[in-house]
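Examining the three-dimensional arrangement
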Amino acid sequence: MLDSFTEKLGGIFRKLGGKGRITESNVQEALRELRFTLLDADVNFEVVKKFIANVKEAAMGEEVLKSLTPHQQFFKIVKDNLIDMLGGEHAALATGPKKPTVYLLCGLQGSGKTTTCGKLAGQQSKKGKRVLATPLDIYRPAAIEQLRIVAGKTGVSFFFPEGDNDPVSIARKAVSHAEDNNYDLLLLDTAGRLHVDEKMMEEVRAIISAVNPTEVLLVVDGMTGQDAVNIATSFDPVGVTGIVLTKMDGDTRGGAALSVKYATGKPIKLIGTGEKFDALESFHPDRFVSRILDMGDMLSLIEKVEANLDEEDARKLEKKLMSNKFDLEDFRNQIKQVRKLGPIANLLGMIPGFSGLKKHVSDDMAEQQVGRIEAIICSMTPDERKNPGVINASRKRRISKGSGTTVQEVNQLLKQFDMMKKMITQMQKGAMRQPGFGKFR
Amino acid sequence: MFDRLKKGLKKTSDSLRHKISAAIGRAVKIDDEFCERLEEALLLSDVGASTAALIVDEIKSKAMEKRPADAEALNALVVDILAEILESGAAAEPLAPGLNVVMMMGVNGSGKTTTIGKLAMRYKAEGRKVMLAACDTFRAAASEQLEIWAKRSDVPIIRQREGADPSAVMYDAIQAARARGADLLIADTAGRLHTQSNLMRELQKIQRVAVEKAGVENFRAWLVLDSTIGRNSYNQVQQFGQAVPVDALVLTKMDGTARGGVVFSILKEWRMPIMFVGVGEKMEDLLPFNASEFSRALLGDAVDPA
Ligand SMILES: Nc1nc2c(ncn2[C@@H]2O[C@H](COP(=O)(O)OP(=O)(O)O)[C@@H](O)[C@H]2O)c(=O)[nH]1
Ligand SMILES: Nc1nc2c(ncn2[C@@H]2O[C@H](COP(=O)(O)OP(=O)(O)O)[C@@H](O)[C@H]2O)c(=O)[nH]1
Ligand SMILES: [Mg+2]
Ligand SMILES: [Mg+2]
């Protein structure tokens, strides 16, 4: 329907960039667009208001007005404010002072609690922890059976006192069972409940006060709309310690992350990125922001590539990225590497400037598209790959012929590459304080 | 029925109505402040920025034209415009003679299985011979869940083991339904994000089997939307619709505080009926959607302020 969040932000900044210096009136215009964009990204109305006010205050400051590259400044202000609002550094899961550590998962119906339980079970048992999973959902048909199967699949123990249908008592029994059998971690999977269902909210409070969990994780569907603030505000007082955002593998713009963080002040600890039990990632606000600002998730991409590349290649790529000597040849090599990593459509979203493409392409289309990009680059001379600037109209015609594509497609690729280089430059400026890069260096 | 719908939607309508009434209460004049408040009410209901702007413009220009004398008349005008959008969806197609196959689809956790459980009872009570097909062979205990619902309303269910090919389940189920003389087969499918092209192809395959076996006139695909979801529902309608034409929508979880305003943008873009509204987890918590009742319930007292 609309351009993606990141495409539109790109538009605002190009507009600002075209005008040179930031003036009060073009800040107003950019802010209006930004507001529109954030609202359509599902950020709650009140949160948007607050955010815009912060950005405006920062953008109207002296320093920015005098700055030579106001659009970059503006970009940075938006990005920094988003990171700030999302809560700075990544927050890890806590371990309790004595065994067992207890994690309780709560949230609305269908948000992904049971699946997340399975993911945590898998993750923690891989770390060598002895994990026990217990269902407290006595309402949803086959919910107990679902967790039993999930525990079996992830290779952890399952405990349910047959015949007991009081969640508080089941939780208590699970804790003693875990204590008696020396489990490190107990996962309590609660029933879905609406935040306005007083009886059910009382139930979860009772469970929490009975077993005093180390973490109370609120599981929120990443596609949630304006209601995210109501949900988070109502659940928070039961003693929420962290948020899990699920279903982030789709095309949701994830504005709920901002809303929930704003409403509770609690860290987003994990994100769910698929139905399989390994699709659980830690939440990195800086990366999340990079992603929604269409800087691509370069850090994750680099990590992925790193895992698949040998040291030597990785160092070379990093050096080129840092010195901005990254050329079309490297781009082609990177595509080759990337193709080894999995479905292209998923990876596209990680490449700066390409995330807008993601929603338009199916896996097949993406493969085709990438094939074309490779063909175009192959039809270039080594010199052209190093210095795309020399590619004039007649060269473009030759390249398009050689690759069986159109001049338009060649132009498009060159434009995208150009944009990507700009993004990389921009990112480097912010990258120095980003933890992920330190690891890479 | 109207009362029940109203009760289920009360929270929704209370807040939206309150906001709109507040907007109107403060400004009989059609000024910027009025428009802003109206827009805020719409935005907080997930109507979305561009649709909200469109609706506000529409209201503004109609109001300028008709010059309502007082707050009440302005109120009525706002309600009419909103209701018109909700009423613009195509009418629900009645079921065909013979065996009908209704395939329920939607993203993960939207409420497909629960809605099928509720539908089974509703249609059975209407005198139909209902059967269920457990084509979600992916999620752990998905078919057990459907089986429990089938038992609750005592209708037969066709299921296979976890991991089976869902289109094979569809095939078997249609054969079984024919053999038993059923006239309505409701098929559950696994939740899938509309961006997962392989899973969307799987859905197309299930549809193909159903259309081949039951005939195109006798096949319906209903998309289940969770009203808690915001703007993404629009993408869901668009992309599910690209894979398998959507015959109707079901809007679940309207018993919370989410307002489902995203249907305004959906119905502005596509003509499709909203068949049912889910207002709870129990068997009877499913209400037929009727555009005029829905909008009246949503904004009801804004028309005749109590
Ligand atoms: N695509 C995707 N699906 C998910 C994710 N987490 C959960 N699901 C799916 O969402 C649906 C509901 O999940 P479930 O764990 O049963 O939710 P619960 O009702 O909160 O326990 C299931 O179909 C899950 O497979 C995720 O991160 N990505
Ligand atoms: N409050 C409420 N919960 C619902 C409604 N419809 C479904 N649910 C709940 O949402 C969760 C997911 O529903 P389910 O039917 O399993 O979703 P599916 O993954 O799409 O099949 C379950 O806990 C249901 O009880 C509704 O209208 N209101
Ligand atoms: Mg569950
Ligand atoms: Mg289901």
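Bear in mind that the values here come from a model prediction, so they are computed numbers and not experimental data. (Residues numbered from 1 in each chain as written. Chains lettered and ligands numbered in written order. Predicted model: local features only at pLDDT ≥ 70, side-chain atom pairs only at ≥ 80, totals over all residues. Heavy atoms only, no water.)

1. Remarks on the confidence of the model for chain B
Residue and element names in this part refer to chain B.
- Confidence along chain B averages 87 in pLDDT terms, with 85% of residues attaining 70 or more.
- With pLDDT under 50 throughout, residues 1-6 is counted as low confidence; its partners more than four residues away or in other chains account for 12 contacts.
- Confidence drops under a pLDDT of 50 for residues 300-306, and excluding neighbours within four residues, the segment shows 13 contacts in the predicted structure.
- Among the scores for the predicted complex, ipTM is 0.89 and pTM is 0.79. (pLDDT = per-residue confidence, 0-100. Contact = heavy atoms within 4.5 Å.)

2. Thoughts on the state of the cysteines
Residues and elements named next belong to chain A.
- All told, the structure shown has 0 disulfides over all chains when counted by the stated rule.
- Left without a disulfide partner, Cys 106 is nearest to the cysteine sulfur of Cys 117, which lies 11 Å away.
- Residue Cys 106 is classed as buried on the basis of its relative accessible area, which comes to 0%. (Disulfide = S-S within 2.5 Å. Buried < 20%, exposed > 50% of the residue type's maximum accessible area, 1.4 Å probe, protein only.)

3. Details of the site of ligand 2
- Inspection of the region around ligand 2 gives 18 residues, with Gly 111, Lys 112, Thr 113, Thr 114 and Glu 281 of chain B positioned closest.
- Those chains with residues close to ligand 2 are chains A and B.
- Here Gly 278 of chain B contributes a backbone N or O atom positioned 3.3 Å from an oxygen atom of ligand 2.
- Within the backbone of Val 279 of chain B, an N or O atom sits 3.5 Å from an oxygen atom of ligand 2.
- Notes on ligand 2: free accessible area 580 Å², of which the protein chains cover 96%. (Near = heavy atom within 4 Å. Polar contact = N/O pair within 3.5 Å; in protein donor to acceptor, adjacent residues only side chain to side chain. Areas by Shrake-Rupley, 256 points an atom, 1.4 Å probe, with all protein chains shown as cover.)

4. Digging into the interface of chain A and chain B
- Contacts between the two partners involve 42 residues from chain A, matched on the other side by 46 residues from chain B.
- Counting each side, the surface lost to burial between chain A and chain B is near 3,800 Å², with a carbon and sulfur contribution of 55%.
- Scanning the region where chain A abuts chain B turns up 3 salt bridges.
- Run the count over chain A and chain B and you get 17 residue pairs in polar contact (both at pLDDT 80 or more).
- Contributing elements (two or more residues each) for the side of chain A that touches chain B: helix H2 (24-40), helix H3 (45-59), helix H7 (143-154), helix H10 (228-235) and helix H18 (363-378) of chain A.
- Looking at which element gives the most residues to the side of chain A that touches chain B, the answer is H7 of chain A, with 5 residues. (Buried area = accessible area lost by both parts, 1.4 Å probe. Salt bridge = Lys/Arg side-chain N within 4 Å of Asp/Glu carboxyl O. Helix = DSSP H or I, 4+ residues; strand = E, 2+ residues; numbered from the N terminus.)

5. Some words on the pairing of strand S7 (residues 268-272) of chain A
Residue and element names in this part refer to chain A.
- With 5 of 5 residues buried, S7 is to be regarded as a mostly interior element.
- Sheet topology note: the strand S6 (residues 242-246)/S7 ladder contains 3 bridges and is parallel. The residue bridging Val 244 from the neighbouring strand is Leu 270, located in S7.
- Relative to strand S8 (residues 280-282), S7 runs antiparallel, the two sharing 3 bridges. What sits directly across from Leu 270, in S8, is Ser 282. (Pairing = 2+ DSSP bridges.)

6. Some words on the site of ligand 1
- Taken together, 19 residues sit near ligand 1, with Lys 113, Thr 114, Thr 115, Arg 140 and Glu 275 of chain A positioned nearest.
- Chains contributing residues to the immediate surroundings of ligand 1 are chains A and B.
- Between Gly 112 of chain A and ligand 1, the recorded distance is 2.8 Å, taken from a backbone N or O atom to an oxygen atom.
- A distance of 3.4 Å separates an oxygen atom of ligand 1 from a polar side-chain atom of Asn 108 of chain B.
- In isolation ligand 1 offers 580 Å² of accessible surface; the protein chains occlude 97% of this area.
- In terms of residues, the shell around ligand 1 owes the most to one element, helix H6 (residues 113-126) of chain A, which gives 4 residues.
- When grouped by side-chain class, the residues that make up the shell around ligand 1 number 1 nonpolar, 11 polar and 7 charged. (Nonpolar A, V, L, I, M, F, W, Y, C, P; charged D, E, K, R; others polar.)

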